[in-house]
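Okay, here's what each chain looks like letter by letter:
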Amino acid sequence: MTPSGNLPGGAARRAFLLLWAAAALCLATSCNPEQKARIEAGLQQRAQRAMTKWLILRSGALPELWGEICAMLYPVPGGILAGLGFDVGLFRTGPDGSPTLSARAEVGGIVHDAAAAPPYVYLAAGSTGLGVLDLRQPDRIRSAVNLGVPGYALVVRVKGTRAFVGLKEGGGLVGLDISRPDKPSVSFSIWRGEDVSDIEFLGPYVVAAVSNRVEIISPSEAGAPKQISRFPLPRRSAIEPIDPLPRDLVLNPPYLYGVNGADGLFVLDLSDPTRPRQVSELTDRGFLESIALFGAKAFVGRKTEHVGIVDLSDPHRPTWKGTLPVFGRTLNSGASADELLLAGGAKGWSIFDTRRDPPARVASYTLPPRAYDVLPDGERIYVASGPLGIKTLRREADGSNTEIARIETAGNSRHLRRVGQDLWVSDTNGGLVIASLEDPDHPAVRTYLNTGNHVWSSLPLGSGLLMAGGRGLSFFVPAPGGFSLASELPLDGYPVDIDAHEDRVYAALISGRVAVGRLEGSSLRWIRDLIPSKPIPRPCTALSVAEGRMIVGDAKGRVYLYDLRNPEEPKLVAKTRVGATVFDIEFDGREAWVAAHKAGLIEIEAIENTLNTSHRFMIGQTVLGVGLSDSEVFAATGDGRVVSVPRPQ
């Protein structure tokens, strides 16, 4: 989602009014027609994106969609700060050594990184920008200020009275004056139009991972920084995700160690900062996202595999030493930097004692269980259980469910689809799990297709498979050993659900649109966008297509019915309200079942050009997914349960 500040409620509306007033003044005076058109288009886009973000946060849709992935771990005196989705939590160690959540505060954006300048902690808070926490009171977190920045805040570092914020979505690097800690101000901005994914300090210099290279700059007290050198990173992988590749850096002078997504680990010699020199690399070890260094040993976080261990006693010959039994996308050192490794991800976080060989897990915190989708299959029920993976339940004669098997996945298992003798599981940690159902009681993983992006939904299409993830759609075709990427279609907003009718593809976008595309051979082509709600689009969160009609749900609880019989001109024919964010829809052409978050499970009849609510079942919990059998309707709930109700006759 494109960031656009953090103006809530009335403040947002007042800002929009002032913005439009300024535009009207310009349009009414000296602007020529071309300038007027540009201004109108730019203002409309900015207002739409800002209001879309505000609606998402107000509706509570994205925290549920993303889950509480632990995207940041940072040690503070007496505890650990952890990013929990759109919140930050303060954990203390309990009497039994286990971490307990002692305080929590809403930040408004997904927290990716932190840097301390006691008693304040600065947060890289995604679309919210820079957050500042005041930790002067034990077991309390007070949000002091949020500062909007021109991009998606991914990393923050502090040195003296200056802070440096690395931005995704083309925001570059922003330097801040924090001499007044609770009132930071921007002092410079560079590399606009590029992504900065990590920052380190080397003496007086700043070392940054910028797009496809490493940059070294000398920041000045006034004016723009001076470039010292740059080192282009080699491109070796064929994986080209829609989102920029994640990179992480760590310094042990004179060496800089970095991970570069599918391109592996690299080592640079910075003895002469003006002439960086690569001395070694380690490839073919998965999609590397993060790195933490303990003496001559490095731990690397991998997107869909266990944390790797690398021996760096000889920087010229890094050696793979094995893995830790944990999925950790976020790695950091604990308060005792030579002892503790903090590993966090979609399942929660763990603490490892690195002095032992192999390192031993000494504590862990598991994120609350959730059930995101449910797929009934005869006597069995398959459940996408978020951080708990894929559960197989057996339906008992008394109507109860017994868990008989579980498959561990790398992150948040979210969407299920039965394809022949396989179960497809979309994993928002970055891939598609394909499990064999030859033994239906014990599904076995056959393939993990790693895309480098969040995967919300998947669909068999033509001779291949279509996936919604990152900022667009990806189409894969069969290849020896699995699948290969055939084409990509970038879109204006995260696609969270997809379906198809004939040769048309439909994607529900967080930006408030339904993108319509076409598959031509193995190439995806965009055709047009449908905007169900005007003038301010509401985030589209689910859709389903059947018998030439499509039902779309949004984050404000509206349901829309489209007639698709004329594929060139899909027609909106009806709409209704269900009272809460729509998370899932099952539609057979006449009858739709809607998972309506806190409003329960709702049956809607789509008769000709009307939508009529027939039955409403209050489940007693948030409802995130729905599945149908011939006689029952199953709801996947926010507390990890599966609830069923009789299907009305």
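Residues numbered from 1 in each chain as written. Predicted model: local features only at pLDDT ≥ 70, side-chain atom pairs only at ≥ 80, totals over all residues. Heavy atoms only, no water.

(A) View of the packing of aromatic side chains. As enumerated under the stated definition, the model contains 8 aromatic pairs in all. Arranged with centres 6.1 Å apart and planes meeting at 55°, the rings of Phe164 and Phe188 form a pair that is tilted. One end of the pair, Phe164, is in strand β10 (residues 162–168); the other, Phe188, is in strand β12 (residues 185–190), and 24 residues separate them in sequence. Of the two residues examined, Phe164 and Phe188, each falls in the buried class. Here the aromatic cluster, defined as three or more aromatic residues joined through ring pairs, consists of Phe91, Trp349 and Tyr365. A cation over a ring is seen here: Lys168 above Tyr152, with NZ or CZ 5.3 Å from the ring centre. (Phe/Tyr/Trp six-rings, centres within 6.5 Å; stacked < 30°, edge-to-face > 60°. Helix = DSSP H or I, 4+ residues; strand = E, 2+ residues; numbered from the N terminus. Buried < 20%, exposed > 50% of the residue type's maximum accessible area, 1.4 Å probe, protein only. Lys NZ or Arg CZ within 6 Å of the ring centre and 35° of its normal.)

(B) Region of interest: the nonpolar core. Counting 19 residues, the largest nonpolar core has Ile551, Ile585 and Leu611 as its most contacted members. Elements with a minimum of two residues in this core: β45 (540–546), β47 (558–563), β49 (584–587), β50 (591–595) and β51 (601–607). Among the elements that take part in this core, β51 stands out by supplying 3 residues, more than any other. If we skip the residues at most four places from it in the chain, Ile585 touches Ala542, Leu543, Ser544, Ile551, Val552, Gly553, Ala592, Trp593, Val594 and Val626. (Core = buried A, V, L, I, M, F, W, Y, C linked by side-chain atoms within 4.5 Å. Contact = heavy atoms within 4.5 Å.)

(C) View of the confidence of the model for the protein. When pLDDT is averaged along the protein, the result is 84; 86% of the residues meet or exceed 70. Here residues 238–242 is a poorly scored stretch, pLDDT under 50, and it has 17 contacts once near neighbours within four places are set aside; other chains count. (pLDDT = per-residue confidence, 0-100.)

(D) Here's a closer look at the pairing of strand β32 (residues 401–407). Sheet analysis places strand β31 (residues 390–395) next to β32, joined by 6 bridges and oriented antiparallel. Across the sheet, the residue bridging to Arg395 is Asn401, located in β32. Linking β31 back to β32 in an antiparallel pair, the connection comprises 5 residues, with Gly399 at a positive phi of about 90°. (Pairing = 2+ DSSP bridges.)

(E) Quick peek at the environment of Arg275. The residue Arg275 is located in the loop between β19 (265–269) and β20 (277–282) in this model. For the pair Arg275 and Ile228, spaced 47 residues apart in sequence, the C-alpha to C-alpha distance is 8.6 Å. The contact partners of Arg275, leaving out residues within four places of it in the chain, are Ser229 and Asp269.

(F) The arrangement of the sheet that holds strand β7 (residues 130–134) in detail. Overall, antiparallel pairing links the 4 strands, which are arranged β5-β6-β7-β8 in an open sheet. Each edge of the open sheet is held by one strand with a lone partner, namely β5 (113–117) and β8 (142–147). Within the sheet, the average angular offset between the axes of one strand and its neighbour, ignoring direction, is 25°. Pairing of β7 with β8 involves 5 bridges; the strand directions are antiparallel. When the bridges of β8 are listed, Asp134 appears paired with Arg142. (Axes fitted to C-alpha atoms, helices over the stretch in contact; angles between N-to-C directions.)

(G) Representation of the side chain of Asp198 within the structure. For Asp198, the position within the fold is in strand β13 (residues 196–202). Of the residues examined, Asp198 reaches a relative accessible area of 2% and is grouped as buried. Among the polar contacts listed, one links the side chain of Asp198 to the backbone nitrogen of Leu249, at a separation of 2.6 Å. Ignoring sequence-local partners within four residues, the contact set of Asp198 consists of Val155, Arg157, Val207, Ala208, Ala209, Arg247, Asp248 and Leu249. (Polar contact = N/O pair within 3.5 Å; in protein donor to acceptor, adjacent residues only side chain to side chain.)

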